[in-house]
Every structure is written in C-alpha cells, then in structure tokens.
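Overview (structure and organization)
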Amino acid sequence: MRITVLGGCGAWPSAGLACSGFLVEHEGFRLVIDLGYAALPRLLEHTPAHGVDAVLISHGHPDHCADLNPLLRARALDDDPPSALPVFAPPRALDAVLALDRPGMLDAACLLHEFIPGAEFEIGPFAVATRSLPHWVPNAGMRLTAGGRRLAYTGDTGPSPDITDLARDADVLIAEATYAEEVPEHSAKYLSSARHAGQYAAQAQVGRLVLTHLWPGSDPHDFVDAARRAYDGEVMIADSGLVIDLH
C-alpha cells in the first residue's frame, strides 16, 4: 500500500498548499480519500484524471470534497470520457458539490454510492470499515485494509473512543489535528488537537501517526511536540507530496 498526501490544510489552503486529500494505491488501484480545495492539481501530478479508480469522501465540508467537481469535469469533458467514477460518501454529503454544474452535466461521470457511517464495504482491493465520528455534519472515520496493511483516517472529528477502536494496530493513523494543544470551547465537541491524536495513537498502538487538517498559519513543530508528549512512535505532518510506503 502506498499513501501520497495531496494536502493537509484545514478550512482553506495556505499559499502553495492544498486542503485534505490522500491518494492510496494498492495493486495498481488508485483510490482518492477526500479531495478538498486545491487537491486536484496535486493529484494530477501523480495520475491523469482518467487514472483514478474510485473516490471516498469522509464528509461534506468543502475543504474535504470541493475538488471532486473539477475531477469529474476533467473526466466528463475528455475527448474520450472514461466510465463513471465510483464515489463513496455519507448521504447528501456531496449534494452541493454535484450541483455546481448545470443539471445532468456530470451524471455520466459519477456513480455515487452513499453509505451510512458505520457501514463496511469493499472498494477495489480495499476492505473499508467506517465509524460515525462527531463533527458538525455526518463524518465517517475509516479503516482501510489491503495486502495485510491497515490505514486509519479520522476525517474531522471531536473526541471519541471509537477513534481508538478504528485505529487499533493500524500501520498508519492519519488524524485530524486542527489545533496543537487545546481546542476552543466552541469547537471542543467537533474538532481535535495534536495532543488528542497522540493519545489515540498511543492507545491504539499504531505504527506511525500523521497529523492533518492543521489550521492555516500554524507552526507544525508545535503540533509534533504536542503529539509526542503522548505517543513515542513516529509523528509526521501531512505535507503535500509526502509518500508513505507500507510493505
């Protein structure tokens, strides 16, 4: 399994960067997990639009799904359009993104599969287990297994014991860390910190921790330091272009 970070900014992309997006490959199958603002240009550095085999979206906030629109446009407007792209997302999460174009324009480019967070299913070679994690909108934390390797991803989430269960013994946990130490009271139920992520990684005994969704303008060193106070494994920041190979 190979994981390529397309972007890891929360809310909006900092200059030259992108919001949440991850390309996960196994046995030649290319799955994109989330596709936020500015993630598509990074994706196209690794594969043409027609080379994407499926997309999996954690939730409907645009910093996680806005660039699905230009990906579908690139496929729909191709001189030789590929078959419809399987797209998996919680119910109604993509209503706004899919309504950006004139009615019917993208219908042949997208094969939408809506799932209730908590469902389990397969996408190509990946076994996918999802959990409902707390956020302002329905959010699916997810665990992908292929070739004996395990990737866990929280999407955006507030504190939940389900994160530990989702990430148990994962080779990699990609965890939302909007803040380094403390989450402001107004968001405490719906967002997490690097300190939280480190605690979950330690409890779940994951192989390595990748912090994502950092608030634009933050100093990433503060986030790594906060996570390391709870977790003694490898801590990384989800910088665009980071590649993790799991053998």
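As shown above, the structure is provided for reference.
The notes below deal with the structure included here. (Residues numbered from 1 in each chain as written. Predicted model: local features only at pLDDT ≥ 70, side-chain atom pairs only at ≥ 80, totals over all residues. Heavy atoms only, no water.)

1. Re the pattern of salt bridges
The test is simple: Put simply, a salt bridge is a Lys or Arg side-chain nitrogen that is within 4 Å of an Asp or Glu carboxyl oxygen. Per the convention used, a helix needs a DSSP run of H or I reaching at least four residues, while a strand needs a run of E reaching at least two, with both numbered from the N terminus. Burial here depends on accessible area, computed with a 1.4 Å probe over protein chains only, as a share of the maximum for the residue type. Under 20% is buried, over 50% is exposed, and the range in between is partly exposed.
Taken as a whole and judged by the stated rule, the model has 10 salt bridges. Residue Arg195 pairs with Glu181 through a salt bridge whose shortest N-O separation is 3.9 Å. Residue Arg195 is found in helix H6 (residues 194-204), and its partner Glu181 is found in the loop between strand S11 (172-176) and H6; the two are separated by 14 residues along the sequence. For Glu181, a relative accessible area of 29% translates into the label partly exposed. The closest approach of N and O atoms between Glu181 and Arg229, which form a salt bridge, is 1.8 Å. In this pair, Glu181 sits in the loop between S11 and H6 while Arg229 sits in the loop between helix H7 (220-228) and strand S13 (234-237), placing the two residues 48 residues apart along the sequence. Overlapping salt bridges, with partners in common, bring together Glu181, Glu182, Arg195 and Arg229 in one network.

2. So, the packing of H6 against H7
The cut-off we apply is this: Where helices are involved, their axes are fitted lines through C-alpha atoms of the stretch in contact, as for all axes, and angles between N-to-C directions lie from 0 to 180°. When the near helix sits turned anticlockwise from the far one by under a right angle, the crossing is termed left-handed; a clockwise turn instead gives a right-handed crossing. In what follows, residue pairs with any heavy atoms lying within 4.5 Å of each other are defined as contacts. Residues were grouped as follows: Ala, Val, Leu, Ile, Met, Phe, Trp, Tyr, Cys and Pro as nonpolar; Asp, Glu, Lys and Arg as charged; and all remaining residues, including Gly, as polar.
Look at H6 against H7: their axes get within 7 Å of each other, and the N-to-C directions meet at 35 degrees. For the pair H6 and H7, the sense of crossing is right-handed. Mapping the contact onto sequence places Ala194, Arg195 and Gly198 in H6 and Phe223, Ala226 and Ala227 in H7. Its residues assigned to classes, the contact of H6 with H7 shows 4 nonpolar, 1 polar and 1 charged.

3. A word on the nonpolar core
Operational definition: As used in this record, nonpolar core signifies buried Ala, Val, Leu, Ile, Met, Phe, Trp, Tyr and Cys residues forming a set joined through side-chain atoms within 4.5 Å.
One finds Leu31, Ile33, Leu56, Ile123 and Phe126 to be the most contacted residues of the largest nonpolar core, which totals 30 residues. The contact partners of Ile33, leaving out residues within four places of it in the chain, are Gly21, Phe22, Val24, Leu56, Met142, Leu144, Leu151 and Tyr153. Among the nonpolar cores identified, the runner-up in size contains 25 residues, and Leu6, Leu23, Leu40 and Leu71 belong to it.

4. Section: the sheet that holds strand S1 (residues 2-7)
Two pairing modes exist for strands in a sheet, parallel and antiparallel, and in both the strands are linked by backbone hydrogen bonds. Basically, it comes down to this: Strand pairing is defined by DSSP finding a minimum of two bridges between the two strands.
The strand order across the open sheet formed by 7 strands is S6-S5-S4-S3-S2-S1-S14, and the pairing between neighbours is mixed. A strand with exactly one partner marks an edge of an open sheet, and here the two such strands are strand S6 (110-114) and strand S14 (243-245). Adjacent strand axes in the sheet meet at a mean angle of 20 degrees when their direction is disregarded. Across the sheet, helix H3 (residues 68-76) touches strand S3 (29-35), strand S4 (54-56), strand S5 (85-89) and S6, and the angle it forms with S5 is around 165 degrees.

5. Considerations on a nonpolar patch on the surface
Going by this rule: Patch definition: residues above 30% relative accessible area lacking any salt bridge, with like charges linked at up to 9 Å and the nonpolar side chains Val, Leu, Ile, Met, Phe, Trp and Tyr linked at up to 5 Å. Accessible surface is estimated by sampling points in the Shrake-Rupley manner with a 1.4 Å probe; for residues, cover comes only from the protein chains shown.
Together, Trp12, Tyr37 and Trp215 make up an exposed nonpolar region whose accessible area comes to about 300 Å². The topology assignment puts Trp12 in the loop between S1 and strand S2 (21-26). By relative accessible area, Trp12 is classed as partly exposed at 43%.

6. So, the sheet that holds S11
Strand order in the open sheet formed by 7 strands is S7-S8-S9-S10-S11-S12-S13, and the pairing between neighbours is mixed. Only two strands of the sheet have a single neighbouring strand rather than two, namely strand S7 (120-123) and S13. If you compare each strand with its neighbour and ignore which way they point, the axes differ by 20 degrees on average. Along the sheet, H6 contacts S11 and strand S12 (208-212); its crossing angle with S12, the most-contacted strand, is approximately 155 degrees. Lying on the sheet, H7 is in contact with S12 and S13; it crosses S13 at an angle near 155 degrees.

In short, shape yes, function no, at least from these values alone.
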